[in-house]
Each structure stands twice: as structure tokens, then as C-alpha cells.
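Here is how the chains run, residue by residue.
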Amino acid sequence: MRGSAANLASVISRALLIASNEMLPTRRWTPSLEHTLHQLGCRDSLSPTLVARVIDPFLLNHRSLAFGFFNWASQQPGFSHTSATYQSVLKSLSISRQFNSIDKLLKQARVQNIFLHPAVYRSVIGSLLTVRRTHTAFSVFSEVGSIVPEIGPEVCNSLLAALSSDGSMKSAHMVFDEMINRGVRLNTLGFGVFVWWTCRKRELSEILSLIDDVKKVEFSGINGSVIALLVVHGLCVESRVNDAVFALEELRKRECKPDFMAYRIVAETLREMGYVAEVEMVLKKKRKLGVSPRANDYREVILQFVSERLMLEAKELGEVIVSGDFPIEDDVLNVLIGSVSASDPLHAVSFLRFMLEKQRSPTQLTLINLSENLCKHEKGDELVEVFHLLSSKEYFNNLESYNLMLSFLCKGGRVREGYQVLQEMRKKGLSPDVSSYNSLLEACCREDLVRPAKRLWDEMFASGCCGNLQSYNILIKRFSELGQVEDACHLFYDMIEKGLEPNDLTYKSLLQGLCQAKNLETALEVFNKSVEQDLKLANIILNTFVHCLCKEGFLLPASKLLRELTCGVESHLTLLRYLGDIGEVSLASEHVQWIAHKSPAMLHAIQPELAAFHSSSA
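Description of the structure in this document.

Reading the values: the criteria
Residues numbered from 1 in each chain as written. Predicted model: local features only at pLDDT ≥ 70, side-chain atom pairs only at ≥ 80, totals over all residues. Heavy atoms only, no water. Helix = DSSP H or I, 4+ residues; strand = E, 2+ residues; numbered from the N terminus. Rg over C-alpha atoms; globule rule 2.2 N^0.38 Å. Buried < 20%, exposed > 50% of the residue type's maximum accessible area, 1.4 Å probe, protein only. Contact = heavy atoms within 4.5 Å. Areas by Shrake-Rupley, 256 points an atom, 1.4 Å probe, with all protein chains shown as cover. Lys, Arg positive; Asp, Glu negative; His and termini not counted. Charge placed at Lys NZ, Arg CZ, Asp CG, Glu CD. Salt bridge = Lys/Arg side-chain N within 4 Å of Asp/Glu carboxyl O. Axes fitted to C-alpha atoms, helices over the stretch in contact; angles between N-to-C directions. Parallel < 35°, antiparallel > 145°, perpendicular 65-115°, else oblique. Left-handed = near helix turned anticlockwise from the far one by under 90°. 1 Å grid on protein atoms, 1.4 Å probe; cavity = no way out; pocket = protein on both sides within 12 Å on 5 of 7 lines; lining within 4 Å. Points joined across faces, edges and corners; volume = space filled by probe spheres on them. Nonpolar A, V, L, I, M, F, W, Y, C, P; charged D, E, K, R; others polar. Expected span 1.5 Å × (residues − 1). Phe/Tyr/Trp six-rings, centres within 6.5 Å; stacked < 30°, edge-to-face > 60°. Lys NZ or Arg CZ within 6 Å of the ring centre and 35° of its normal. Polar contact = N/O pair within 3.5 Å; in protein donor to acceptor, adjacent residues only side chain to side chain. Disulfide = S-S within 2.5 Å.

A tally of regular secondary structure across the chain gives 37 helices and zero strands. Its C-alpha atoms give the chain a radius of gyration of 33 Å, clearly above 25 Å, the size a compact globule of 618 residues would have. Buried positions account for 50% of the 618 residues belonging to the chain. Residue pairs at least 24 apart in sequence account for 66% of intrachain contacts in the chain once pairs closer than 6 positions are excluded. Surface exposure of the chain reaches about 29000 Å², of which carbon and sulfur atoms provide 49%. Taking the average location of the 67 positive side-chain charges in the chain and that of its 71 negative ones, the two points are 4 Å from each other.

Written out as C-alpha cells, the structure reads:
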């Protein structure tokens, strides 16, 4: 195989991608791909440069192929990996977050004394932090030693913040010391979270000493007012209000000028503790020395917290701003509501209240995230409260927004409130559509309110809104589960008359219900409808149908059905497995003989199953 490394890399990667696409699952390394490589005759041209170029860029997003090709190259005579090959495969594994494989390769590289570019460590540590594997990220950081500056301040600060947030203060201090000793610039995110949590553990003198240490390296990337606020907040959380009062002046001397928010935190803590005179003293200092907080500074910090998944810190800083009625921009509030709701939906609701009090409204995406999380945390009362608050502000004014409210009320099990929304829509001249009715129908069925569901069904058609496939599936599924198969069948034939084609969910639900009701004749009629409709659809349904027939004791009809159809191996195996489990050797043997007569190829495909069957029945 001849050509430049770039051309050869393109040819090899294309051959691997094409060959892997023909397998199931696709894009996975298998031994047959080694045969593909041998056919290409690329072993003689193999070099570290070529291997690296095949992986990066061609296989970067196909980690199984990248790692498989890397390992295959390792096994070729005379080939040795270099930093280039390690860097390419580690880049691929970092993208796909294959951390066990990454750890194995990093250990290999250390044993072989292979130098890895700082960018590799930057990528690995960044990937680990993305999934909050902070201890593993710290372990990788601890190995790099003198190249810490080349890893870059961004990743180092992210690691410092993550370790501090997780409460790993000993490791965080080690990262901080390493950054100081190596001259790595700290920023507001990293140093801010670190000093914020340090305030809750260390003496004030140590905290001030940390600020002095940073100033010796470089302080230009740090917002002093934000640091001041975080310090006094951390102290006040621990009820160290005297330290907080003293810190106000010491921070100002160190170019960390406290703003009005910092003074307010201290004043309110003093007020809660009953120190009235001291409150007035702090407020006087605020008027004389404090500066107005800049909304943009805190905007950037909160957005950084959220992007780094530091939700507790984002929430607490947001509370400081909101509780003091300080300026905060709409996009920041939207981000806070949506992100904080994942872990603390009640605090997210408090941010929403503040937003509405300021005559501002959340985006639809924010409302969706908040509603999803309230449902997830089973906070139905708060969900209803949110929608009441928004309704009072005329937030819902079109069909789309009303359907959004209705869908989440139904998802949260608030059927009565859902009905009220339907009535409100009509009063405002908005005709509920099929999506509106489907949400309520599904909620009624989920809450076992079958009679109301039937009335709602009649009401839907009476209002001129025709049900769709989803509408029919909702009721057919529930009727079948409850054994009301006559009602389910009525709906099934009704939808066909109206020109709606049932899908696999329709058939599976109804067939399961009919089998449980021992109504074999109707079940076969329904299945034949699927055959008439679409053979491919019938084959999708068949395995479920055979399983239902076997489960209810219809063994001969199941065997007969399979003999009348042209179908795949799986449905025959389903029958044979069931027969094996209950010891029906005679019927199983008869069915196997029929398979042998009709399709020797299928018999060959099921031989392993037959061996297992014979061993279990022996």
C-alpha cells in the first residue's frame, strides 16, 4: 500500500467506516475489521504518524473504532506507539467520555515514559469535570507536575471550583498551592468558589492570607467586589458576624471593595442576631464606603456557575441578589429558574415569584424546565401555584401556551385543574384541539378515571374535534388493561372506519387484552387486520402476539399461526422457549419438524436454542 500518510489515513478510515456500517451494531470494532485491514495491505506502511492521522480526525467521533484500531496497531510486528498515537486516541476517548479506557492508557503512557502534550491532560480533566468526576480529575492533575501552566488557567480554575464545591477542601488547597507556586493565573470562578467555601472552615487571617497570595501572582482576572461578597457571605452563613464586620475593612484594603450587597448581608445577619447598634454602624459604612453592585459582574459569575454545574453556588448567589432586591437581568433569572429547578424546584419557584413581581415573564423554555422538574419531584401544589401566578399575569393567551399548561397539569396528576383549564380556554374563545384532549384523556386513564375519560371522549367529538391515532391508542390501551375488550374493539373498528390506520402500539395493546380475556377468535381477526394492512407491521406485532397466546395457554393456535405465516426466526424461538419452559416436548418437536421441512436455513439458525431446549428437558 503506497501513498502519502494523509491519503493512506483517508483510505484506511473510509474502509473501516464502510465495513463497520455493514455490521450490527454499527461502528463497533470487531475481529472482522482486522481482516479488512489485512486486505488493504496497510501493515507494511504502518507508522505512528499514520495511526494518529487515521484516528484524528477521521475516527474521533467513533471511539470503538479509534480504540480498536489503536489496539490492533499495538499487535503488529515492529510497531510501537508514540505520543502522537496516544494523543489521538485519548482525544477520541475524552470526547466520548470513556474514562476507564482513558485511565488504562494514561497508566500505559506513564510506564512507557511517553510524554503527552498538555492539551491531552486539559481535554481529559475537562471531560471528567463535565460529569463531576472531580476526584479522578484531581488524580490526573496530580500526575502532571511541571506542565500545570501549559494545561491552562481555565481548566485549573474549573478543577479548583469543583473540588471546593464538592467539599474536597484538602485537594482544593493542593490545587490552589500548585497554581500559586507555578504562577497559574486564578480567576473569579476558581478563587471565588474556593475562598467562599474556605470561609466556612478556616480563620479569617488564613482567608486574608489566601487573597494576599493571589495578589503576589496576578489579581487582574479577579473581580474584587465579587470576592468580598463571597467572603462575607461565607462568614455570615457560619454566624461569624464579627469576623464579617472586620473583614469588610480588610477586604477594602486589599482592593476587594465591598459593594452594597456585601454590606447588606452583614447588616441583615446582625439584625437577625439582635445587634441593633451594630446594624446602624454597618449601614453608615455602606453609605460612606460601599459601591453600587454592577449587574453585569454578577451576571457573568452566575452564568459561569451554571455552565460549570455549580448549582448550589448559583442558587445561593441568586438568593443574595433577589432577597436584597438588587438588579438582575432577565436572561440570568431564566437560567436560574430552569437550572436550579433540577435539584431544588422550590427555590426555583421563589426566583419565578421575584421575576413576576418585577413585571417580567419567563421564557417558554424556562417554564418547560421548571414544570418538568416540579413534576419529577412530585410538587403538584407548587406546579398549580406557578400556573395560577402566570395566569394572573395574562401569560397564557393562545392555544399553544394553554396546551403547555394543560399538558403539565395532566403530567402532574392534577386532572381537576386540567378540566378547569379546558373550560377557561372555551371562555376565552380558544377551541381546545386534539392535543388538549389527549393530555386530559391520558391523565384520566393514568388516574383510573375511566368514566370521565369516556365522557371527555364524547365531548371531544361533539365539539367537532376528531380524535387522532394517539387519542384512540390512549383509550384502547387502558380499556384492554382493564379487561374492557368490547369497548377497546369498538374503538379499534371505529378508527379503521374513519380512515385512521392502527399502529403497532394499537395492535399490541388490543391483542394483549383479547388474549387475557381468552377471546382467541377476535384476537386472530384483529391480527389478520394487521396482515391486510401491512406485512411489515404484522411481523413487528407477531412476537408480542405469540408471547400473549403462549402465556394464556393457546399453544396449538400459536404454532398453527406461525406455520401459516412467512416470518423471521424470533417468533418461532419465542414459541419454542415457552414450550421448553413448561416441558411441552411433543408439540415442540412437531414444530421443529415443520421448520426442518419448510426452511432448513431457519433450522440451522435455531440449532443453539434447540440444544439448550434438549438439555433443559433431559
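Now that the structure has been shown, we can carry on.
Here we come to the pattern of salt bridges. Inspection of the entire model under this criterion finds 38 salt bridges. For K428, the salt bridge identified is with E394, shortest N-O distance 3.7 Å. With K428 in the loop between α25 (415–427) and α26 (434–446) and E394 in the loop between α23 (380–392) and α24 (399–411), this pair connects stretches of sequence that are 34 residues apart. Relative accessible area serves as the criterion here: at 43%, K428 is assigned to the partly exposed category. In this structure, K508 and D504 form a salt bridge, with 4.0 Å as the shortest nitrogen-oxygen distance. Linking K508 with D504, this pair stays in helix α30 (residues 504–516), spanning four residues, or about one helical turn. Given the relative accessible area of 23%, D504 is considered partly exposed. By sharing partners, the salt bridges in this structure join D212, E250, K253 and R254 into a single network.

Another aspect to go through is the packing of helix α15 (residues 241–253) against helix α16 (residues 260–272). Here α15 crosses α16 at 150°, and the two axes come no closer than 10 Å. Between α15 and α16, the angle falls in the class roughly antiparallel. The element α15 and its partner α16 pack so that their crossing is left-handed. Across the interface between the two elements, V241, A244, V245 and L248 of α15 pack against Y263, V266, T269 and L270 of α16.

Once that is clear, we can look at empty space enclosed by the protein. What the rule picks out here adds up to one cavity of 30 Å³ or more. Taken together, M261, P293, R294, A295, Y298, I321, F326 and P327 form the lining of the largest cavity. For the lining of the largest cavity, a count of residues per class yields seven nonpolar, no polar and one charged.

This paragraph deals with the layout of surface pockets. Estimated volume of the largest pocket: approximately 390 Å³. If you go around the largest pocket, you meet 16 residues; those closest to its centre are N473, I474, K477, R478 and E481. Per-element accounting of the lining of the largest pocket gives the leading share, seven residues, to helix α28 (residues 469–481). Here the residues of the lining of the largest pocket sort into three nonpolar, seven polar and six charged.

Turning our eyes to something else, we now look at the packing of helix α19 (residues 311–323) against helix α21 (residues 345–357). Relative to each other, α19 and α21 sit at 30°, their axes nearing to 11 Å. By the angle between their axes, α19 is roughly parallel relative to α21. Where α19 crosses over α21, the handedness of that crossing is left-handed. Together, K315, G318, E319 and V322 of α19 and H347, F351 and F354 of α21 make up the contact between the two elements. Within the contact of α19 with α21, the residues separate by chemical class into three nonpolar, two polar and two charged.

Quick look at helix α11 (residues 169–182) now. With 14 residues, α11 ought to run about 20 Å at 1.5 Å a step, and its terminal C-alpha atoms sit 20 Å apart, in line with that. For α11, the set of buried residues is M169, S171, A172, H173, V175, F176, M179 and I180. Turning to α11, the residues buried within the fold contact α8 (134–144), α10 (153–165), α12 (188–198) and α13 (204–217).

You can see N373 is positioned in helix α22 (residues 364–376). When neighbours within four sequence positions are excluded, N373 is seen to be in contact with G338, S341, A342 and P345.

This part takes up helix α4 (residues 63–74). Relative to the 16 Å expected for twelve residues at 1.5 Å per residue, α4 spans 16 Å between its end C-alpha atoms, a close match to the ideal helical length. Among all positions in α4, only S64, L65, A66, F67, G68, F69, F70, W72 and A73 are buried.

Further remarks concern the packing of aromatic side chains. All chains considered together, the criterion is met by 13 aromatic pairs. Between the aromatic rings of Y395 and F396, the centroid separation amounts to 5.2 Å while the plane-to-plane angle is 80°, which identifies the pairing as edge-to-face. R200 extends its terminal NZ or CZ atom over the ring of W197, reaching a point 4.2 Å from the ring centre. One Lys or Arg, K286, reaches over the ring of F260 and ends 5.4 Å from the middle of that ring.

Its location among the elements puts K498 in the loop between α29 (485–497) and α30. In the structure, K498 is positioned 46 residues away from T544 in sequence and 26 Å away in space, judged by C-alpha atoms. Apart from the residues lying within four places of it in its own chain, the contact partners of K498 are F461 and Y472. At 2.9 Å, the side chain of K498 forms a polar contact with the side chain of D494.

As a further point, take the side chain of D259. Counting through the fold element by element, D259 comes out in the loop between α15 and α16. Among the polar contacts made by the side chain of D259, one reaches the side chain of Y298 at a distance of 2.5 Å. The residues touching D259, leaving out its near neighbours within four places in the chain, are S225, L229, V291, S292, P293 and Y298.

Looking now at the environment of H547. With respect to the helices and strands, H547 occurs in helix α32 (residues 535–551). Through-space distance from the C-alpha of H547 to that of A558 is 8.6 Å; in sequence the pair is eleven residues apart.

The next point concerns the environment of H377. Relative to the elements of secondary structure, H377 occurs in the loop between α22 and α23. Sequence separation between H377 and L346 is 31 residues, and the spatial gap between their C-alpha atoms is 9.9 Å. H377 has contacts with S341, A342, S343 and P345, leaving out every residue within four places of it along the chain.

Moving on to the state of the cysteines. Taken as a whole and judged by the stated rule, the model has zero disulfides. Summary of cysteine pairing: C256 is not part of a disulfide, and the nearest cysteine sulfur, belonging to C199, is at 11 Å. In this structure C515 is not part of a disulfide, and its nearest cysteine sulfur, from C548, lies 5.0 Å away. For C515, a relative accessible area of 2% puts it in the buried group.

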